[in-house]
Amino acid sequence: MRVIAGTARSLPLKTPEGMDTRPTTDRIKETLFNMLQADVPGSVFVDLYSGSGGIGIEALSRGAEKAYFVENSEKAISCIRQNLSFTKMENRAIVIKQDVCSALNSINEKAADIIFMDPPYGCEYEKDVLNILRSARYVTEDTVIIVEAAVKADFSWAEESGFYVVREKCYKSNKHVFLRKQ
């Protein structure tokens, strides 16, 4: 796994050992950031269920002003910190070691521009997160929320949580669902 573009282009990133995380492949990460390229520079980026931190680091490398990394695993937090140090991006990063739903109250921003989450598939954690984000002061009508999910995951319930699906980008076994607040 590596940084695809920007100031840290081509730098390799570490991933936590074991099967607890599923790093987003370079190809999918590149496709995602090609879709977001106009929105990332100068943004506040939130990476939930961060794993290695690869998505948030990619955002920083491409010009995000600040990135939050939220992860509960000690191994993953160690990996994120090492990757931030190696890419020299610690000064623009806030790392929160906490359960995602609890950590959402620790984000102290006027507005978050992009919120990315890659929760474990099939556990429906994204429903809990969206229910909290619905009333979060930093989530505006302009905030883009992206959920990485299994390709067959159904998001018809999103409207009940106060969000609507803007688009879905499907890959072989997973997809990115882009949501906005109603």
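Everything that follows concerns the structure shown earlier in this document.
Residues numbered from 1 in each chain as written. Predicted model: local features only at pLDDT ≥ 70, side-chain atom pairs only at ≥ 80, totals over all residues. Heavy atoms only, no water.

J.: Give me the overall build of the chain: which residues, what numbers.
T.: Scanning the chain for helices and strands turns up five helices and seven strands. Ordered by position from the N terminus, the helices and strands of the chain form the series α-β-α-β-α-β-α-β-α-β-β-β. A compact globule built from 182 residues would reach a C-alpha radius of gyration of about 16 Å, and the chain, at 15 Å, matches this within 12%. When the backbone C-alpha atoms are referred to their principal axes, the chain occupies close to 40 × 35 × 30 Å. In the chain, which comprises 182 residues, the share counted as buried stands at 49%. Of all intrachain contacts in the chain linking residues separated by at least 6 positions in sequence, the fraction that spans at least 24 positions is 65%. As presented, the chain carries roughly 8900 Å² of accessible surface, and 46% of it is formed by carbon and sulfur atoms. Separation between the mean location of the 24 positive side-chain charges and that of the 25 negative ones in the chain comes to 5 Å. (Helix = DSSP H or I, 4+ residues; strand = E, 2+ residues; numbered from the N terminus. Rg over C-alpha atoms; globule rule 2.2 N^0.38 Å. Buried < 20%, exposed > 50% of the residue type's maximum accessible area, 1.4 Å probe, protein only. Contact = heavy atoms within 4.5 Å. Areas by Shrake-Rupley, 256 points an atom, 1.4 Å probe, with all protein chains shown as cover. Lys, Arg positive; Asp, Glu negative; His and termini not counted. Charge placed at Lys NZ, Arg CZ, Asp CG, Glu CD.)

J.: Describe in detail helix H5 (residues 125-133), supporting the description with residues and values.
T.: Among the residues making up H5, those that are buried are Glu126, Val129, Leu130 and Leu133. Each buried residue of H5 sits inside an arc of 95° when the element is viewed along its axis, so together they form one side. (Arc of directions from axis to C-beta.)

J.: Lay out the nonpolar core with the relevant residues and their values.
T.: Counting residues in each nonpolar core, the largest one holds 29 residues, and the members touching the most others are Leu48, Ile115, Met117, Leu133, Tyr138 and Ile145. Where this core is concerned, the elements lending two or more residues are strand S1 (44-48), strand S2 (66-71), helix H4 (100-103), strand S4 (114-117), H5, strand S5 (144-150) and strand S7 (174-181). Among all residues touching Ile145, those that are not within four sequence positions of it are Ile115, Met117, Leu130, Leu133, Val139, Phe163, Val177, Phe178 and Leu179. Residues Leu13, Ala64, Met89 and Ile114 belong to the second largest nonpolar core, which totals 26 residues. (Core = buried A, V, L, I, M, F, W, Y, C linked by side-chain atoms within 4.5 Å.)

J.: Could you give me a rundown of the packing of helix H1 (residues 26-36) against helix H2 (residues 54-61), with the residues and numbers involved?
T.: Packing of H1 against H2 leaves a shortest axis separation of 11 Å and a crossing angle of 45°. Put simply, H1 runs oblique to H2. Here the hand of the crossing between H1 and H2 comes out right-handed. Across the interface between the two elements, Lys29, Leu32 and Phe33 of H1 pack against Gly54, Ile55, Glu58 and Ala59 of H2. (Axes fitted to C-alpha atoms, helices over the stretch in contact; angles between N-to-C directions. Parallel < 35°, antiparallel > 145°, perpendicular 65-115°, else oblique. Left-handed = near helix turned anticlockwise from the far one by under 90°.)

J.: I'd like a rundown of the pairing of S5, residues and numbers included.
T.: In terms of burial, S5 is largely enclosed, as six of its seven residues are buried. One crossover worth recording links S4 to the parallel S5 by way of H5, and it is right-handed. Pairing between S5 and S7: six bridges, direction antiparallel. Within S7, the position partnered with Ile146 by the bridge is Phe178. (Right-handed = clockwise from strand over helix to strand, strands pointing away. Pairing = 2+ DSSP bridges.)

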